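What follows is each chain in one-letter form.
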Amino acid sequence: MWTPSPSRRVVSAPATLLLRLLLLAGAADAAPPLVGVSPHDEPYFTTQVIACRDGSGSFPRSRLNDGYCDCADGTDEPGTSACPEGKFYCRNNGDTPRLLFSSFVNDKICDCCDGSDEYESGIHCQNTCQNRKDIAEDDDGVHELSVTHLDATNEFTRKHTIDVENLVHNSINKDLIQKLRGLRTALVIELGLVVGMFAFCVARRRTRTRKRQHILKR
């Protein structure tokens, strides 16, 4: 009867499964999920050393979405609120993708219709994305990006800008009207003075002519 050599080890199926799970877990730790990244931009984050988009430096992939801002433009923190200039990409599968300011991430308010911006805030966001089939797609099959929220902020800024422009426009119109009125008044006064001077000259000339005629008759 054959028996296995003592130098050889027989690995059981449960042990093999456990080993695979450990390897997968290690790989997951080594490659953090691309939270807040557009599918179109995912290839940019595949290298082990990633350059800041603004050219200010670089960072190792292990620091991606680690909650510390390494790039001034927020390249390394697309999925957190660490960088003031960062932007979070809402995939919103079935609906329109959106960009959020990083300050909206994990603020306990559901801004993405799929709720992906609140992945660590402790609140549950219902998926309210509408299953739309008419969303335009670009050549790579990536949904066309609709930049909002940026939406409410831009809407407020736009209205505020319009109000300021209207105020300035109205102020300019009032000043122009007042200037025109003042100019019209000045023209009326000058015209009156010219007419008065002309009448005075005519009257004076007639008076002199009468005096001469009167002297000649004597």
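Coordinates for the structure precede this section.
Definitions and limits used
Residues numbered from 1 in each chain as written. Predicted model: local features only at pLDDT ≥ 70, side-chain atom pairs only at ≥ 80, totals over all residues. Heavy atoms only, no water. Disulfide = S-S within 2.5 Å. Helix = DSSP H or I, 4+ residues; strand = E, 2+ residues; numbered from the N terminus. Buried < 20%, exposed > 50% of the residue type's maximum accessible area, 1.4 Å probe, protein only. Phe/Tyr/Trp six-rings, centres within 6.5 Å; stacked < 30°, edge-to-face > 60°. 1 Å grid on protein atoms, 1.4 Å probe; cavity = no way out; pocket = protein on both sides within 12 Å on 5 of 7 lines; lining within 4 Å. Points joined across faces, edges and corners; volume = space filled by probe spheres on them. Nonpolar A, V, L, I, M, F, W, Y, C, P; charged D, E, K, R; others polar.

Colleague: Sorry if this is basic, but what is going on with the state of the cysteines here?
Modeller: Two cysteines joined by a covalent bond between their sulfur atoms form a disulfide. In the structure shown here, the tally under the stated rule is five disulfides. One disulfide bridge connects cysteine 52 with cysteine 71, the sulfur atoms lying 1.9 Å from each other. What sets the handedness of the cysteine 52 and cysteine 71 disulfide is the S-S torsion sign, and at about -70° it is left-handed. One end of the pair, cysteine 52, is in the loop between strand E1 (49–51) and strand E2 (58–60); the other, cysteine 71, is in the loop between E2 and strand E3 (87–90), and 19 residues separate them in sequence. As far as the burial class goes, cysteine 52 and cysteine 71 line up, both buried. With a sulfur-sulfur separation of 1.9 Å, cysteine 113 is cross-linked through a disulfide to cysteine 129. Given an S-S torsion of about 90°, the disulfide between cysteine 113 and cysteine 129 has right-handed geometry.

Colleague: I would appreciate a short explanation of the packing of aromatic side chains in the present structure.
Modeller: For any pair of aromatic rings, the description rests on two quantities: the centre-to-centre distance and the angle between the ring planes. In this structure the tally under the stated criterion is two aromatic pairs. Ring centres 6.5 Å apart and planes at 25° place the aromatic pair phenylalanine 101 and phenylalanine 104 in the stacked group. With a relative accessible area of 23%, phenylalanine 101 lands in the partly exposed category.

Colleague: For this particular structure, what's the right way to read the layout of surface pockets?
Modeller: Picture a little ball the size of a water molecule; that probe, rolled over the atoms, points out where space is still empty. Roughly 260 Å³ of internal volume is contained in the largest pocket. Around the largest pocket sit 16 residues that line it, and Gly36, Asp41, Arg53, Pro78 and Lys87 are the ones nearest its centre. Residues belonging to the lining of the largest pocket are distributed by class as follows: six nonpolar, five polar and five charged.

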